[in-house]
Amino acid sequence: MGTILYGSEIAKDIRTSLKEQIDELREKGKRIPKLVVILVGDNPASLSYVTGKEKACREIGMENILLRLQEDTTEEALLAEIHRLNTDTSIDGILVQLPLPKHMDEHKVLFAIDPQKDVDGFHPYNIGKLMLQEDTYLPCTPKGILRMLDTAGYSDLSGLRAVVIGRSNIVGKPVAQLLLNRNATVTICHSRTRNIEEICAEADILIASVGSPRLVTADWVKKGAVVIDVGINRVDGRLCGDVDFERVKDKTAVITPVPKGVGPMTIAMLLENTLESYRKHR
């Protein structure tokens, strides 16, 4: 069996470092970095996510505000709140929790966030800078995946073939670009891809992010591959990923579990981006 790469342990070290930096700011009498999370409605999964972000902020001493809005809040009212936060110089990061109610235009809302406070890395300005390999806020989950690859000793991807299953704007597309930026040869697979099993079986690095429980079986995985499982699914009351972990793990050099894999890294990168925004504002 290959190495099980626990993102929870890597994230713990990152949070410790962030806490030390914030404690130092506090000791010097400096303003503390502040993150504002906007939650519209009462989606249980979204509430769980923002609760996890609140807890992580408290652990490292970062200021955090949860702005809860009713499900029937108008798009205009939400945009007005975002504008107010954009102009508040005490706020370093703004995050709008997705999904939004159906009567709101997700793109319009995300694009309204000041790119300098877009710690989620979803604004087209920041996505464009990612494509151009310029310094910017990277989307948190893709950034976390690259940090995990670094930890596992895969910083230089030259000559390696990477396959990403999934083409979302949040994970699939940006992580594919980040891999390309590191000189991997990248293929993106999706629901219309033919012979997907054969393509995946050629991957040195396989990243699964489609939200399909245990989709990736042992036949899809090359012996000695690195497998990163981004999926979070609930089956029979238990969490599982997009990879059939028990049947795949023996073929891999490195594999991430679900839970305790990529998920904790996403929050750690959000905190890191917020501190980075604070330093840029200073």
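Residues numbered from 1 in each chain as written. Predicted model: local features only at pLDDT ≥ 70, side-chain atom pairs only at ≥ 80, totals over all residues. Heavy atoms only, no water.

Taken together, the 3 strands give an open sheet; going across it, the order is 3-2-4, and neighbouring strands pair in parallel fashion. Each having just a single partner strand, strand 3 (63-69) and strand 4 (93-96) make up the two edges of the open sheet. This sheet shows a mean twist of 15 degrees between the axes of neighbouring strands, independent of strand direction. Here strand 2 (residues 34-40) runs beside strand 3; their pairing, made up of 7 bridges, is parallel. Paired with Leu 39 across the bridge in strand 3 is Arg 68. (Pairing = 2+ DSSP bridges. Helix = DSSP H or I, 4+ residues; strand = E, 2+ residues; numbered from the N terminus. Axes fitted to C-alpha atoms, helices over the stretch in contact; angles between N-to-C directions.)

This next bit is on the pairing of strand 5 (residues 161-165). Of all 5 residues making up strand 5, 4 are buried, and the element is well covered by its neighbours. Across 5 bridges, the pairing between strand 5 and strand 6 (residues 185-189) is parallel. Bridged to Ala 162 within strand 6 is Val 186. Chirality of the crossover, the property in question, places the unit of strand 5, helix 7 (residues 172-181) and strand 6 among those that are right-handed. In this sheet, strand 7 (residues 205-208) lies alongside strand 5 in parallel orientation, the contact comprising 4 bridges. When the sheet's bridge partners are listed, Ala 162 is paired in strand 7 with Ile 205. (Buried < 20%, exposed > 50% of the residue type's maximum accessible area, 1.4 Å probe, protein only. Right-handed = clockwise from strand over helix to strand, strands pointing away.)

With that out of the way, let us pick up helix 7. Of all 10 residues in helix 7, 8 are buried; the element is thus mostly enclosed. Residues of helix 7 that are buried include every one of Gly 172, Pro 174, Val 175, Ala 176, Gln 177, Leu 178, Leu 179 and Asn 181, and no others. Buried residues in helix 7 make contact with helix 5 (124-131), helix 6 (140-151), strand 5, strand 6 and strand 7. Positive backbone phi, approximately 75 degrees, marks Asn 183, located one or two places after helix 7. (Contact = heavy atoms within 4.5 Å.)

Split into domains, the chain comes out as domain 1 (29-114) and domain 2 (140-263). Taken over C-alpha atoms, the centre of domain 1 sits 29 Å from the centre of domain 2. (Domains from an automatic or database assignment.)

Taking the UniProt record as the reference, the feature "binding site: NADP(+)" (unreviewed entry) is found at Gly 166, Arg 167, Ser 168 and Ile 232. Among the structural elements, Arg 167 can be located in the loop between strand 5 and helix 7. Setting aside residues no more than four positions away along its own chain, Arg 167 makes contact with Gly 172, Lys 173, Ile 188, His 190, Ser 191 and Arg 192. Within the element layout of this structure, Ile 232 appears in the loop between strand 8 (225-229) and strand 9 (233-235). Discounting chain neighbours no more than four positions away, the residues touching Ile 232 are Leu 239 and Cys 240. (UniProt positions renumbered as here; feature names shortened; annotations may be inferred.)

Moving on to the side chain of Lys 249. Tracing the backbone through its elements, the reader meets Lys 249 in the loop between helix 9 (245-248) and strand 11 (252-255). Among the polar contacts made by the side chain of Lys 249, one reaches the side chain of Glu 246 at a distance of 2.8 Å. Residues within four places of Lys 249 in sequence aside, it is in contact with Met 1, Gly 2 and Ile 255. (Polar contact = N/O pair within 3.5 Å; in protein donor to acceptor, adjacent residues only side chain to side chain.)

The next thing to look at is the sheet that holds strand 1 (residues 3-4). Read across the sheet, 6 strands follow the order 1-11-8-7-5-6 without closing on themselves; strand pairing throughout is parallel. The open sheet terminates on both sides in strands that have one partner only, identified here as strand 1 and strand 6.

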